[in-house]
Amino acid sequence: MDALYWLLLFIALLIIEIITLGLTTIWFAGGALVGFFLSLAGVIPTVQWAAFCAVSLVLLFATRPWAVRHFNSQKREKTNVDSLIGKTAVVTAEVSNLEGKGEVFVKGLAWTARSAEDGAVIPVDAHVLVKAVEGVKLIVEEKKED
């Protein structure tokens, strides 16, 4: 009967890991799997729990840093609004923070825009650089001609 509890714990920890993707409970699932096999082998529950704790902690501290580094080292392509930062846009309605107005056109879409500098007014048809995104507004800076 102990083996069933270990198996249920293993499955529950896997489900939690799938839901959270935090790379934490997966290591405890490994410990539960060891507890499951020890239970099948007829080892006493105290040793099962000790093995569960030891294996879980060793997996957590020995392999988690490597796994996090490995999964986060992959170059991720920016998508959606993040891809707009650094792009050039064209002003379609004068950008003025004092008057609370402004619109730019970038990558085929019109966006509400605000200037990175509070007092700056950017005229229509000027080229601007998207510096940041705040909510649904692009923060832009006028491109200076070289």
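Structure: above.
Residues numbered from 1 in each chain as written. Predicted model: local features only at pLDDT ≥ 70, side-chain atom pairs only at ≥ 80, totals over all residues. Heavy atoms only, no water.

Right, let's talk about the pairing of strand E5 (residues 127-134) for a bit. Looking at chain direction, strand E1 (residues 88-96) and E5 are connected through three bridges and run antiparallel. Bridging across to E5, Val90 finds its partner in His127. Alignment of E5 against strand E6 (residues 137-142), held across six bridges, turns out to be antiparallel. Bridging from a neighbouring strand, Val128 pairs with Glu142 of E6. Counted along the chain from E5 to the antiparallel partner E6, the turn is two residues long, and its residue Gly135 has a positive phi close to 65°. (Pairing = 2+ DSSP bridges. Helix = DSSP H or I, 4+ residues; strand = E, 2+ residues; numbered from the N terminus.)

Our focus in this paragraph is helix H1 (residues 2-20). End to end, H1 covers 27 Å across 19 residues, agreeing with the expected 27 Å (1.5 Å per residue, within 8%). Taken as a whole, H1 has its buried residues at Ala3, Trp6, Phe10, Leu13 and Glu17. Looking straight down H1, one finds that the buried residues subtend no more than 90° of arc, so they occupy a single side. In H1, those exposed residues whose orientation departs by more than 90 degrees from the buried face are Tyr5, Ile18 and Ile19. (Expected span 1.5 Å × (residues − 1). Buried < 20%, exposed > 50% of the residue type's maximum accessible area, 1.4 Å probe, protein only. Arc of directions from axis to C-beta.)

Spatial relationships are all this shows, so hold off on functional conclusions.
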